[in-house]
Amino acid sequence: MTDFPSFPPGFLFGAATASYQIEGAVHEDGRGPSIWDTYSHTPGLVANGDTGDVACDHYHRYPQDVALLRELGVDSYRFSVAWPRIVPDGSGPVNVKGLDFYSRLVDELLAAGIEPAATLYHWDLPQALEDGGGWRVRETAERFGAYAAVVAEHLGDRVPRWITLNEPWCSAFLGYSVGRHAPGAREGRGALAAAHHLLVGHGLAVQALRAAGVREAGITLNLDHHLPATGSPADAAAVTRADTLHNLVWTEPILKGRYPATEEDTWGELITGQDFRRSGDLELISQPLDFLGINYYRPIVVADAPYRENDAARRVATDNRYEEVPMPGVRRTAMGWAVAPHTFTDLLVGLRERYGAALPPVHITENGSAEDDEAGSDGAVHDRDRVAYLRDHLTALRAAMDAGVDVRGYYVWSLLDNFEWAFGYDKRFGIVRVDYATQRRTPKDSYHWYRSMIAAQRR
């Protein structure tokens, strides 16, 4: 497929990964345990009993992976820093060997002509902090700000773009409400407290990054485009509740310095008496950003539904009187996610219409698909569905830009097949196949397509 969408000069193309999903080496060079080490080693929580102990062995093989990036022709590589590698207990002594690893990675990238983009938190909270309450308590946010200052001091001279948090929705709600992510809790107020303290931690990290003089600071949100199952007023109200849970709980405080006007209807009795909110928090959370990172994969169709739990004291924060229903007439990825590229355009245009001048420049920090691809008899991986997904979503992204959305860059998820959280190694998002038994890397057809697409922009 050579029908490439076109992008303006200076548009940034990249690839993304995350520390726990690829690094391995969980017991080496002073790294402490994270909540994902604990979660993945708890029987029954991760498919096949898989863990991130070895993953893609990127900790030892990063020069090989940087060579793949260089051959791909990307402008930028988005990686995440593992907090327990830097501050093993979440607070206290700094682990110099952990800083040295990321320093070597950054230097390798720069030598290859690739701009590093660092994410400070991609879900691997030090277990010691979770033992003290995790994101439910304010101290974790304060520790995060201190950790951000340490990393920025050591890498800020060479890393121009920084992301404080990746997908705080997953940390707060999958982690503390749904229980499908570490630490595996199922709570109501605890999850809402976690969401707020993640935002406070973001604000403190932005202050630390500014103090270190970094060029760009932002945050990455996994914003979802919600559609009603029918034209009924009940389903329209369900969309509002879903949008509050997934999107507005983040975008309203960050971009407008206010809590969502729809939060009471969304959370009912859980929203009352939130003593974890303090005076001055909104000013801290809503500091100006240089960019907003957006991860986008699929739309969500929702229908009105009753509470699953009538007792508010036992209700989880994601029990918001709606249910997700299948989107008809579209292909689904190996994750079961609907493929509807036009909704990518709609999400971005809707975001600009809602926030106007308050919306900073956008980077698409993740976009990609898990597919049931296998190596053929020739050793190649002919992942035509992933190629079509990337082409169609990049075309939809260009349509949003033509409609006036200021998008500056795009990062494919992911460079490598990797540990896909509770799905273990069953789901493959990479444009490079990883044989986990041998650690052999095999670029897929999607890798070659993306390389050709990038090259076509520069002719």
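The following paragraphs examine the structure supplied in this document. This is a predicted model, so every value here is computed, not measured.

## Structural notes on the overall build of the chain
Secondary structure summary: the chain contains 15 helices and 13 strands in total. Here the C-alpha radius of gyration of the chain, 21 Å, is about what a compact globule of 459 residues would show, namely 23 Å. The dimensions of the chain, computed from C-alpha atoms along their principal axes, are 55 × 55 × 45 Å. Every one of the 459 residues in the chain was classed for burial, and the buried ones make up 63%. Restricting the contact set of the chain to residue pairs at least 6 apart, pairs at least 24 apart contribute 77%. The average position of the 45 basic charges and that of the 62 acidic charges among the side chains of the chain differ by 2 Å.

## A short note on the packing of aromatic side chains
A complete count under the given rule lists 36 aromatic pairs for this structure. Summarising the aromatic geometry, the rings of Phe144 and Tyr147 are spaced 5.8 Å apart at their centres and angled 45° between planes, so their arrangement reads as tilted. One end of the pair, Phe144, and the other, Tyr147, are both in helix 7 (residues 138-155), 3 residues apart, so they sit about a helical turn from each other. Take Phe144 and Tyr147: they sit in the same class, and that class is buried. Above the plane of the ring of Trp337 lies Arg298, whose end atom (NZ or CZ) is 4.8 Å from the centre. Its guanidinium or amino end placed over the ring of Tyr307, Arg315 lies 3.6 Å from that ring's centre, counting from NZ or CZ.

## Examining helix 8 (residues 168-178)
With 11 of its 11 residues buried, helix 8 lies for the most part within the structure. Here helix 8 has its buried residues at Pro168, Trp169, Cys170, Ser171, Ala172, Phe173, Leu174, Gly175, Tyr176, Ser177 and Val178. Backbone geometry just downstream of helix 8 places Gly179 in the positive-phi region, at approximately 80°.

## A look at the sheet that holds strand 9 (residues 322-325)
The strands making up a sheet associate through backbone hydrogen bonding, with each pair oriented either parallel or antiparallel. Ordered by their spatial adjacency, 3 strands build an open sheet running 6-8-9, and the pairing between neighbours is mixed. A single partner strand is all that each edge strand has here, and the edge strands are strand 6 (225-228) and strand 9. The mean angle between the axes of side-by-side strands here comes to 45°, regardless of whether they run parallel or antiparallel. As judged from the 4 bridges shared by strand 6 and strand 8 (residues 299-304), these two strands associate in the parallel manner. By the bridge assignment, Pro228 is partnered in strand 8 with Val302.

## Quick look at the pattern of salt bridges
The final tally for this structure, using the stated rule, is 37 salt bridges. The residue Arg85 makes a salt bridge to Glu23 at a minimum N-O spacing of 2.7 Å. Here Glu23 lies in the loop between helix 1 (19-22) and helix 2 (35-40) and Arg85 lies in helix 4 (residues 83-86), a separation of 62 residues in the sequence. On the accessibility criterion, Glu23 (4% relative accessible area) is buried. With a closest N to O distance of 2.5 Å, Asp281 and Arg138 form a salt bridge.

## Focus: the pairing of strand 13 (residues 440-443)
Every other side chain in a regular strand lies on the same face of the sheet, so the side chains alternate between the two faces. In the sheet, strand 12 (residues 432-435) pairs with strand 13 via 4 bridges, with the strands oriented antiparallel. Note that in strand 13 the partner of Val434 across the bridge is Arg441. What sits between strand 12 and strand 13 in their antiparallel hairpin is a turn of 4 residues, with Gln439 showing a positive phi close to 65°.

## Topic: the nonpolar core
Across soluble globular proteins, nonpolar side chains show a tendency to be buried alongside one another. The biggest cluster of nonpolar side chains holds 149 residues, and the ones touching the most others in it are Trp36, Tyr121, Trp135, Phe173, Trp250, Leu397 and Tyr450. Here Leu397 is in contact with Phe7, Phe11, Phe344, Leu348, Ile364, Val407 and Tyr410, once residues within four sequence places are set aside.

## A short note on the sheet that holds strand 11 (residues 407-413)
As summarised here, the arrangement of the 8 strands in space is 1-2-3-4-5-7-10-11, forming a closed barrel in which the pairing is parallel. Pairwise comparison of adjacent strand axes, ignoring direction, gives a mean angle of 25° for this sheet. Sheet topology note: the strand 1 (residues 12-16)/strand 11 ladder contains 5 bridges and is parallel. Bridge pairing links Gly14 to Tyr411 in strand 11. Of the strands in this sheet, strand 2 (76-80) and strand 3 (115-121) are in contact with helix 5 (residues 96-111), which crosses strand 2 at around 170°.

Calculation rules
- Residues numbered from 1 in each chain as written.
- Predicted model: local features only at pLDDT ≥ 70, side-chain atom pairs only at ≥ 80, totals over all residues.
- Heavy atoms only, no water.
- Helix = DSSP H or I, 4+ residues; strand = E, 2+ residues; numbered from the N terminus.
- Rg over C-alpha atoms; globule rule 2.2 N^0.38 Å.
- Buried < 20%, exposed > 50% of the residue type's maximum accessible area, 1.4 Å probe, protein only.
- Contact = heavy atoms within 4.5 Å.
- Lys, Arg positive; Asp, Glu negative; His and termini not counted.
- Charge placed at Lys NZ, Arg CZ, Asp CG, Glu CD.
- Phe/Tyr/Trp six-rings, centres within 6.5 Å; stacked < 30°, edge-to-face > 60°.
- Lys NZ or Arg CZ within 6 Å of the ring centre and 35° of its normal.
- Pairing = 2+ DSSP bridges.
- Axes fitted to C-alpha atoms, helices over the stretch in contact; angles between N-to-C directions.
- Salt bridge = Lys/Arg side-chain N within 4 Å of Asp/Glu carboxyl O.
- Core = buried A, V, L, I, M, F, W, Y, C linked by side-chain atoms within 4.5 Å.

The values reported here are purely geometric and, on their own, carry no functional implication.
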